[in-house]
Every structure is written in structure tokens, then in C-alpha cells.
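Descriptive structure summary
So you can see what is in the structure, the chains are spelled out below.
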Amino acid sequence: MVATFIENEGCPIAEVALSHLYRVHPEMKSASDRIASGEAAKVPESVRRTLKKYGVIDGKNKFAGSMIAKAFDAVKQSGEGAGIGSDLKTSPTDTLGEWAEDLAALGQRRNLIERKLRGVVLNFLRMSALQSRKLEKLGEQVINALPETRRKMLLGLPLDSLFQKLLWPELVIMVAGNWPLFEAIFGDRKLYEEHSGIINDRPDAHAKEWDSADFALYRRSLQWLEERLAKLQ
């Protein structure tokens, strides 16, 4: 299972992270070359400290596990750093523009997923309440699942309006609190909560610094939820 994870998920993520590191610090690639060749002693201590800080090498001055080693091999096979030099020539304005475009694309996908999830949660809870003859209490049930401060803000709203006001974390809570209704859609609850948590970590809203690895993880989580919600179309 570990080997499968490294091959299918870990290595691509680590490869993105290494590529980003080599773009920002080109000298780290030649240092990694020497470490891969067993010549860590020839790498300046300051460079080794940086590689340790980024989790590339361990305390024994070797690659920190097979995932990093495989990712480094993949970076080398892609052309001995091909693209690194060209990326360095990119102007700050171009880089900022690309970053903004990536954010806009991710934001659009996230909004579509949130809209679909909102409808799915409402319809499934409404259907369940109809079957149990408790539809008139559904709004109260939803309100009671929210934090106290939010309850005061949303109390008294009609059911449809109430769901339009729910935030992403609150929709996630609704699914988790009624998991038997949604298990057939999402399958693994742990994965659902993990990917939902990543999607809630919004760089455009929280003004966080993101790199290529962060974008890769975010896209993976979006794709995971997109694929499962697509089952209902």
C-alpha cells in the first residue's frame, strides 16, 4: 500500500515540490545531484541545512525516503531541470498573472462544487425527512447542527433560504452528521473530510502564500469531490 501511494500520489506531489524548490533555489538541484551520487560531503553545510529544512534530505544527508528519491529521479528524467531556466526568465508580472489565473480557475471549480453539494445535501435530507415524516422539523434540525452564533443569524429562515446561507464548513458538517445518507456517494468518510478540509483552505480569501505543491493538492481534492458528485448527474 505504501509503494502504491508513493507511485500514484506521493511521487507526483513531491516532484512538484522539488521543481518549485529548484526554480526558487537553482543551486539546490546541483546539490541534490551530488547527494544522489553519494557526494553529500561536497555540498556546503548551508545548502544542506536548507535541504533539510525543506525535507529533501534527512539527518544522515541522504534523501528523506523513497518518495523524495523517486521524485528527484523524475525531475532529472524530465530533462535535467528543463524548464527551470525558462521559469527563472519569467518576469514577476507574468508569474503574478499566472498565479491569479490559477486562483480564478480553482475558485470557479470550488463554487460549482459548493453549489452542487448544497443541492445534494438539501435534497437528500429533505427526502429522508419525508420518509420519516419529520419534514416540518428539518429546518430546526439543520439549525441545531450549527454553532450557536450562526443559529442566531439563521433562525427563522425558510428551509431553501437557510441552505443558501450555509457556508462550506457547515455543509461539510451536515454531510458528516448524516453520513449514512451520503456514504454511497462519497464512500470513505476520512477521505471526504480530508478533501473537504483542503478545499476550505482558500488562498484567495485567507491571503496565504501558496506554491505549486499547494495548487496540486487543491486540484486533487477538487477532482475527488467532482468525480463523486458527478455520479448523481
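Our structure is the block above this text.
Read on for a plain summary of the structure. Residue indices begin from 1 for each chain and proceed along its sequence in written order. At least 70 in pLDDT is required for a residue's local features to be given in this predicted model, at least 80 for side-chain atom pairs to be given and counted, and no such filter applies to totals for whole chains, interfaces and linings, which use all residues. The basis for every side-chain value is the complete set of heavy atoms in the structure, and neither hydrogens nor water enter the calculation.

1. Observations regarding the packing of aromatic side chains
Pairs were defined over the aromatic rings of Phe, Tyr and Trp, the Trp ring being its six-membered one, requiring ring centres within 6.5 Å. Orientation was assigned from the angle between planes: stacked under 30 degrees, edge-to-face over 60, tilted for the rest. Under the criterion given, the structure shown has six aromatic pairs. Ring geometry for Phe124 versus Phe182: centroids 5.5 Å apart, planes at 25°, classification stacked. Taken as a pair, Phe124 in helix α6 (residues 92–131) and Phe182 in helix α11 (residues 179–186) lie far apart in primary sequence, 58 residues in all. With centroids separated by 5.7 Å and ring planes inclined at 45°, the aromatic side chains of Trp179 and Tyr192 adopt a geometry described as tilted. With Trp179 in helix α11 and Tyr192 in helix α12 (residues 189–200), this pair connects stretches of sequence that are 13 residues apart. Note on Trp179: relative accessible area 9%, which makes it buried. Members of the aromatic cluster, each reached through a chain of ring pairs, are Trp179, Phe186, Tyr192 and Trp224. The helix and strand labels rest on DSSP assignments: H or I over at least four residues marks a helix, E over at least two residues marks a strand, and numbering proceeds from the N terminus. Exposure is judged per residue with a 1.4 Å probe applied to protein chains only, and the accessible area is read against the type maximum: over 50% gives exposed, under 20% gives buried, and values in between give partly exposed.

2. Side note on helix α10 (residues 168–177)
Most of α10 is tucked away: seven of the ten residues are buried. Within the span of α10, buried status applies to Trp168, Glu170, Leu171, Val172, Met174, Val175 and Ala176.

3. Focus on the nonpolar core
Membership of the largest hydrophobic core comes to 35 residues, with the highest contact counts inside it found for Phe163 and Phe186. Among the elements that make up this core, the one with the highest residue count is α6 (nine residues). Any two residues whose heavy atoms approach within 4.5 Å at even a single point are treated as in contact. Beyond its immediate sequence surroundings of up to four residues, Phe186 is in contact with Leu117, Val175, Trp179, Tyr192, Trp224, Leu225, Arg228 and Leu229. Of all hydrophobic cores here, the second largest spans 19 residues; its members include Leu21, Ala31, Ile57 and Phe63. Residues grouped as a nonpolar core are buried Ala, Val, Leu, Ile, Met, Phe, Trp, Tyr and Cys residues, joined through side-chain atoms within 4.5 Å.

4. What to know about the packing of helix α2 (residues 27–36) against helix α4 (residues 66–77)
Where α2 contacts α4, the two axes come as close as 12 Å, and the packing angle between them is 120°. Of the possible angle classes, the one that applies to α2 and α4 is oblique. Here the hand of the crossing between α2 and α4 comes out left-handed. Along its contact with α2, which presents Lys29, Ser32, Asp33 and Ala36, the element α4 presents Phe72, Val75 and Lys76. Looking at the contact of α2 with α4, its residues break down into three nonpolar, one polar and three charged. For helices, the fitted axis covers only the stretch in contact; all axes are lines through C-alpha atoms, and the angles between them, taken along N-to-C directions, range from 0 to 180 degrees. Convention used here: angles under 35 degrees read as roughly parallel, angles over 145 as roughly antiparallel, angles from 65 to 115 as roughly perpendicular, and any remaining angle as oblique. What makes a crossing left-handed is the near helix being turned counterclockwise from the far one by less than a right angle; a clockwise turn instead makes it right-handed. Each residue is assigned to one class: nonpolar for Ala, Val, Leu, Ile, Met, Phe, Trp, Tyr, Cys and Pro, charged for Asp, Glu, Lys and Arg, and polar for all the others, Gly among them.

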